[in-house]
Amino acid sequence: MTGRDDLAAWPLAALMVGSGVTHFTNPGYYRGLVPSWLPARSALVVLSGLADVAVGVLVAVPATRRTGARSTAALITTYLPAHLEPLRLRRTAQRAFDRPIGVAARVAVNLGYVAWAAAVARRATGRPRIG
């Protein structure tokens, strides 16, 4: 793993750990993102926060980076329905990011995160760096 590869991995790790931590410091925000058709919204916020932290830590460690980055891509993909949910309720959308253009932006950003994680996974060696 080169230092340049670390430059892509470390910010991704920080993003995921930071996101996970904010699930606990601002749970109301994340409860508001959970689709209304899913049960146990508070429990899902806790579980997704823990998952975000876990994949972020895996990305940070060179020996587990590939697995962590692949898991990050998969996890962020599971969040896409939450970003599409406002389209069902677009007639009553109050916030700009819940209107169609805002939803499109949210989805685009999250697809960018998936691509970023996939790129980190492709470059990861899956072995610890020596020296």
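Residues numbered from 1 in each chain as written. Predicted model: local features only at pLDDT ≥ 70, side-chain atom pairs only at ≥ 80, totals over all residues. Heavy atoms only, no water.

J.: Tell me about the overall build of the protein chain, residues and numbers included.
T.: Broken down by element type, the protein chain carries six helices and zero strands. Listing each helix as α and each strand as β along the protein chain from the N terminus yields α-α-α-α-α-α. Classification of the 131 residues of the protein chain by burial places 35% in the buried group. Once local pairs closer than 6 in sequence are excluded, the contacts in the protein chain between residues at least 24 apart make up 68%. On the protein chain, roughly 7,500 Å² of surface is accessible, and the fraction owed to carbon and sulfur atoms is 68%. (Helix = DSSP H or I, 4+ residues; strand = E, 2+ residues; numbered from the N terminus. Buried < 20%, exposed > 50% of the residue type's maximum accessible area, 1.4 Å probe, protein only. Contact = heavy atoms within 4.5 Å. Areas by Shrake-Rupley, 256 points an atom, 1.4 Å probe, with all protein chains shown as cover.)

J.: Give a detailed account of a nonpolar patch on the surface, specifying residues and quantitative values.
T.: Among the surface-exposed residues, F24, L44, V46, L47 and L50 lie close enough to one another that they form a single nonpolar patch of about 430 Å² accessible area. Considering every element that reaches the nonpolar patch, the biggest residue donor is helix α3 (residues 41-60), with four residues. Position of V46 relative to the elements: it lies in helix α3. For V46, a relative accessible area of 37% corresponds to the partly exposed category. (Patch = residues over 30% accessible without salt bridge, like charges linked within 9 Å, V, L, I, M, F, W, Y side chains within 5 Å. Salt bridge = Lys/Arg side-chain N within 4 Å of Asp/Glu carboxyl O.)

J.: Would you mind going over the side chain of D98 in detail, with residue names and values included?
T.: Relative to the elements of secondary structure, D98 occurs in the loop between α5 (80-84) and α6 (100-123). According to the relative accessible area criterion, D98 is buried, its value standing at 10%. Of note is the side chain of D98, whose polar atom sits 2.9 Å from the side chain of R106. (Polar contact = N/O pair within 3.5 Å; in protein donor to acceptor, adjacent residues only side chain to side chain.)

J.: Please give an account of the environment of P27 that cites residues and values.
T.: Counting through the fold element by element, P27 comes out in helix α2 (residues 27-33). Apart from residues lying up to four places away in sequence, P27 is in contact with T22 and V45.

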